[in-house]
Amino acid sequence: MGNVDPAAEGGAFLNYALPQGLFLTSSIRYGAGSNNKGLVIDLGAGYLTEIAPKWHLASGAGITLANADYLQSFFGVTGGQAAATGYAVHSARTGARDVRANVALTYSIDQKTSVTAALSASSLLGDAKSSPLTQKRTSESGIVAIARAF
């Protein structure tokens, strides 16, 4: 298949807190993929609430959009790659890469220290989902993190 070499990406993000614990998130990154022209946009929304003193619960959902350069690099199969590997030719076009949902529980130990446990699930969409390279269309992950403010 060949390698997609590591590359630096440039990007920006914008997050916006709405009243009553609602929030919107977004980010844009450029420079990924085999030709360094991959563009990825993440959009999300969520809700954060205090469920007890020192305890916060957050949940959210999001979608990742990507251009054809990005999707072809990671999910596409060219004619040459198909001939060399036996995979079917697959052209990936600009569109949604995946959707995701997450939930996080945070306990504030003190004003500077907190512990968070989070779970996330995502599902591939469109050309990423239908790629012959895709072995698993959904994924789940979990983390436990300790944060300390300085």
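Residues numbered from 1 in each chain as written. Predicted model: local features only at pLDDT ≥ 70, side-chain atom pairs only at ≥ 80, totals over all residues. Heavy atoms only, no water.

S.K.: What is the right way to look at unusual backbone geometry in this model?
M.R.: Phi is mostly negative for residues that are not glycine, and the peptide bonds are mostly trans. Despite not being glycine, Gln-20 has its phi angle at roughly 60 degrees, a positive value. Checked against the element boundaries, Gln-20 lands in the loop between β1 (10-17) and β2 (22-32). With phi around 60 degrees, Asn-36 is a residue other than glycine that occupies positive phi space. Tracing the backbone shows Asn-36 in the loop between β2 and β3 (38-52). (Helix = DSSP H or I, 4+ residues; strand = E, 2+ residues; numbered from the N terminus.)

S.K.: I keep staring at the side chain of His-90 and nothing clicks. Help me out?
M.R.: Within the fold, His-90 resides in the loop between α2 (79-85) and β5 (95-108). Those residues in contact with His-90, other than ones at most four positions away along the chain, are Gln-72, Phe-75, Gly-76, Val-77, Asp-127, Ser-130, Ser-131 and Pro-132. (Contact = heavy atoms within 4.5 Å.)

S.K.: How should the side chain of Asp-42 be read in this particular structure?
M.R.: With respect to the secondary-structure elements, Asp-42 resides in strand β3. In this structure the side chain of Asp-42 is engaged in a polar contact, spanning 2.8 Å, whose partner is the side chain of Arg-29. Only 2.5 Å separates the side chain of Asp-42 from the side chain of Thr-64, close enough to count as a polar contact. Setting aside its immediate chain neighbours within four residues, Asp-42 contacts Thr-25, Ser-26, Ser-27, Arg-29, Ile-63, Thr-64 and Arg-100. (Polar contact = N/O pair within 3.5 Å; in protein donor to acceptor, adjacent residues only side chain to side chain.)

S.K.: Please explain the pairing of β1 as it appears in this structure.
M.R.: Of all 8 residues in β1, 0 are buried, a share of ten percent or less. Inspection of the sheet shows β1 paired to β2 by 8 bridges, in the antiparallel sense. The partner of Phe-13 across the bridge, within β2, is Ser-27. The turn linking β1 back onto β2 is made up of 4 residues, and Gln-20 within it adopts a positive phi angle of 60 degrees. (Buried < 20%, exposed > 50% of the residue type's maximum accessible area, 1.4 Å probe, protein only. Pairing = 2+ DSSP bridges.)

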